[in-house]
Amino acid sequence: MRNLFLFALLLLNIQLVLAQDSVKNGQPKPRSIDTGRTTPVRHEAGNTNRGERKRIDYFRDTVRHERRKFDSALFTNVNVPTTSDYAEHLGKVYQDLTDIPGTLSTFGTLEEIHRNLDNEDYVLEVVKDRMSLGERTFNVRNLQMFNTLLDALDRNTDRYSEYLEQYDSTLDEIREQIADFRRDTMMRHIFTDTALKNTLRPQLQQLRTKWREVDSLVTAFGQEINTLKSHASAHSITIGELLNQVDRELKTVGTHAFQKEQPYLWESPASGVKIPGDFRDSYEGERQLARFYFSNTNNNRFWLPVIGILFFVWISINYLRLRKLKRMDALDFLDIRFINSRPIVPSVIFMLSLAPLFDIHAPAIYIEFIQFLLMVFLTFILRNHISSKLLFGWYIFILLFLTFSYSRIFGFSLSLQRWIMLLVDICSLFLGIYFLSQQEVKSNRWVIFAVSLFIFLNFLGIICNLTSRVTLSQIFSNTAFFTLSQTISLAIFVRLIIESFLVQVQTSRIRKNYPQQFDSTFISTSIRRFAMIIAVILWSIVFTINLNLFDSINDMLTVLFSKTRRVGNFSFTLGGILLFLGIIWFANFLQKYIAYFFGDTGDDAAIDDRGQRSRLMVTRLILLIGGFLLAVAASGLSVDRITVILGALGVGIGLGLQNIVNNFVSGVILIFDRPLRIGDVVDVGDKRGRVKGIGIRSSTLLTEDGAEVIIPNGDVLSQKIVNWTLSNNHARVVMSFPINKSVSPDKIDLPSISKIISDNHNVLQTRIPEIVVSPVNAKTMELKVFFWVNDFNKETITSEEVRTSIYEQLEKAGLIAE
């Protein structure tokens, strides 16, 4: 670079010399010429050579300026890029281009999005086809399923669009990075400098290859993303149109259901009804809809088989434990009818009874299959517990259900479906009357209610069918079958829960050597209440879904319970309060009945198991506190609002609830400080007894007479407590016998008396009995015996046994004073 600069300066000096020579040949000589400055030349001949002089002045000024730049450059550091700098910059650009394919490889979901959109195309086509067929395939449950499926597809499409927008943004950043490479000054200089370009030719060749590769990748990904965005946009439009159509159909169900929809059965069908396809096409369409529904809706149905498996394992383990202990006979008095050591059928019934909770708007073919499967497994149980006449009626019921369900799947015309439905309803009506005539049904009020409802709904279905209210006829007939079968299955479901808990209680009692007999009636009643709540909820869901009322009721309740209400500065929702109270109730239910799970039914047998009773007390306290905290968190009530409520409660506590709080706090102290434990024999005030229970508010003492004394926890701590069994169960026994004074003390066989005491199995062997003979008066002496018993609770029995044995020996020796 420096050589080029010197060469340019030399050329300027040569031009200056040539210009001066030309002046000398035709002009007078100036007075002085200096290397650094010049004296103006005065022309004697006018303006003849004025232009030439200007050129000379210009060249002189230029030379002077370039000299100054060159002189300053000699003493200044100038960072001029070298060849190695350019090569390093090329390497950096190449590395940046190499990183771009790695960034593009993170677009891994593009293939999945493409595949899912193609699959969803088929789903949308099936839904379109079903919606276009209209009246022939009309099914309220399928309309609800379409609504749920389309909502799921809409959410999927929104998720795909979000991914594609992110990928598009990343692609724009890559394009901007490539554009920056093209605008790079050093890169442009390399391509304009021939010598530098020749030097870096190998690197430039590799860079050009990588550049083309990256450019083709960016172009391909850009085209694919744009195609998928267009595909997703078309999906959104189609889904929106179908959702509007489904919503209109669901709304018209209520408005048109009470109007005449079709010609009467004895009239010719209306024109425009489409010719049905074959069974295979109809079934394939139903199957595809079900498959895509389950693949595109993400709910908690996975937990349904998990619950069934856990129920099976729970019962099987209890039966296995009883078999190992050889105590299977312990279940004889519990009236176990439905569960056994291989509870496959009960577990399936338990699982299928819960199915409506996990798929509210499942496809009709899936719901009908689940219901048919439930009927089949119910048959295995009913055939051993009902008469042959009722069992025959049950078989007819299943046959009518299949006929009704599959008349739609076979793709028959609407007119033929109506005739089949009319025939099924009439047969069902007579079948219900047949059920009511059986004595077994008359003895069960729930079955009477279910059969009566079955008859009533079938009667309504017949009336609506004859009056051409096709939608209502279908709804009533469908509801009739599901209501009756669901009632029977839920009755068995409740019984399965009761029996499984009874087996658990008995197994725990046998393992802990508790007495086999216990009050199973009270436990059955308690568990039945909880199971009936679940059963009523399940039955209500199935009933309202089949009547097409579930969504309306659900929307109404959602608005009612989610609406924010204010009382002053305090805001709340009815749903939050209901959830708060529900969790509190459930926590109280658990703490109240959790002891049953471990075999503790509240009888005297579990008092001796002090460790379990104490652990149960702590567990109950944890459940109550945890339930309260969970209720606060789940209900959405803010902590400051709870503080206000607690502040208000504080005023009440100070005025009227201080005794209750005192007892509660005292109960917590008794549980953790443990001055007395369950099973201890204590004296509290003037009361003596065994501690039967320590509750949150009070404690219970069981006296020797069998009375249960309930003492508030505050009174327990405020009085002196004598605990006879705090550190051990040992107790000293003292008994005396009158002896004739005329008898010499040497004649009393003290070793024999000591042996009688030691031979008793409840006498503590580590302490030697003490025997003392002392005079009482002139005629008698007193023989005192001191010994320790192992178990304070058996002190009375042990004392009487030892006293009787010693008295018999003394009397036989003639030592007892009269």
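Keep in mind that what you see is a predicted model, and the values were worked out from it rather than measured.

Criteria and cut-off values
- Residues numbered from 1 in each chain as written.
- Predicted model: local features only at pLDDT ≥ 70, side-chain atom pairs only at ≥ 80, totals over all residues.
- Heavy atoms only, no water.
- Buried < 20%, exposed > 50% of the residue type's maximum accessible area, 1.4 Å probe, protein only.
- Helix = DSSP H or I, 4+ residues; strand = E, 2+ residues; numbered from the N terminus.
- Pairing = 2+ DSSP bridges.
- Axes fitted to C-alpha atoms, helices over the stretch in contact; angles between N-to-C directions.
- Parallel < 35°, antiparallel > 145°, perpendicular 65-115°, else oblique.
- Contact = heavy atoms within 4.5 Å.
- Nonpolar A, V, L, I, M, F, W, Y, C, P; charged D, E, K, R; others polar.
- Expected span 1.5 Å × (residues − 1).
- Salt bridge = Lys/Arg side-chain N within 4 Å of Asp/Glu carboxyl O.

K.L.:
Looking at this structure, I do not really get the pairing of strand β10 (residues 780-789). What am I missing?
P.N.:
Along a regular strand, successive side chains alternate from one face of the sheet to the other. Of all 10 residues in β10, seven are buried, a share of seventy percent or more. Summarising the sheet, strand β8 (residues 731-740) and β10 pair through 10 bridges and their orientation is antiparallel. Bridge assignment links Ala-731 to a residue of β10, and that residue is Val-789. Two elements, strand β9 (residues 770-775) and β10, share six bridges in a ladder whose sense is antiparallel. Its bridge partner being in β10, Ser-774 is matched across the sheet by Glu-782. Connecting the antiparallel pair β9 and β10 is a turn made up of four residues.

K.L.:
Before we go on, may I ask you to explain the packing of helix α17 (residues 445-466) against helix α19 (residues 520-546) in this structure?
P.N.:
Helix packing for two helices is described by the angle between their axes and how far apart those axes are. At a minimum axis distance of 15 Å, the contact between α17 and α19 shows a crossing angle of 5°. The pairing of α17 with α19 is recorded here as roughly parallel in orientation. Within the contact between the two elements, α17 uses Trp-446, Phe-449, Leu-453 and Leu-457 and α19 uses Met-532, Trp-539 and Phe-543. Its residues placed into classes, the contact of α17 with α19 shows seven nonpolar, no polar and no charged.

K.L.:
Help me understand helix α13 (residues 364-382), please; the structure alone is not making it clear to me.
P.N.:
Each α-helix winds once per 3.6 residues, and so residues spaced three or four apart point in a common direction. Here α13 spans 26 Å end to end across 19 residues, near enough to the 27 Å set by a 1.5 Å rise per residue. Within α13, 14 of the 19 residues are buried, leaving the element largely enclosed by the surrounding structure.

K.L.:
Is there a simple way to explain the pattern of salt bridges in this structure?
P.N.:
Oppositely charged side chains may form a pair once their charged atoms are brought near each other. Summed over the entire model, instances satisfying the criterion amount to 14 salt bridges. Arg-688 is paired through a salt bridge with Asp-683; the nearest N and O atoms lie 2.8 Å apart. The class of Asp-683 is buried, set by a relative accessible area of 14%. Ionic pairing is found between Lys-755 and Asp-759, a salt bridge with its closest N-O pair at 2.9 Å. Of the two residues, Lys-755 and Asp-759 both sit in helix α25 (residues 750-759), four residues apart, roughly one turn of that helix. One continuous salt-bridge network, built from bridges that share partners, spans Asp-335, Arg-337, Arg-495 and Glu-499.

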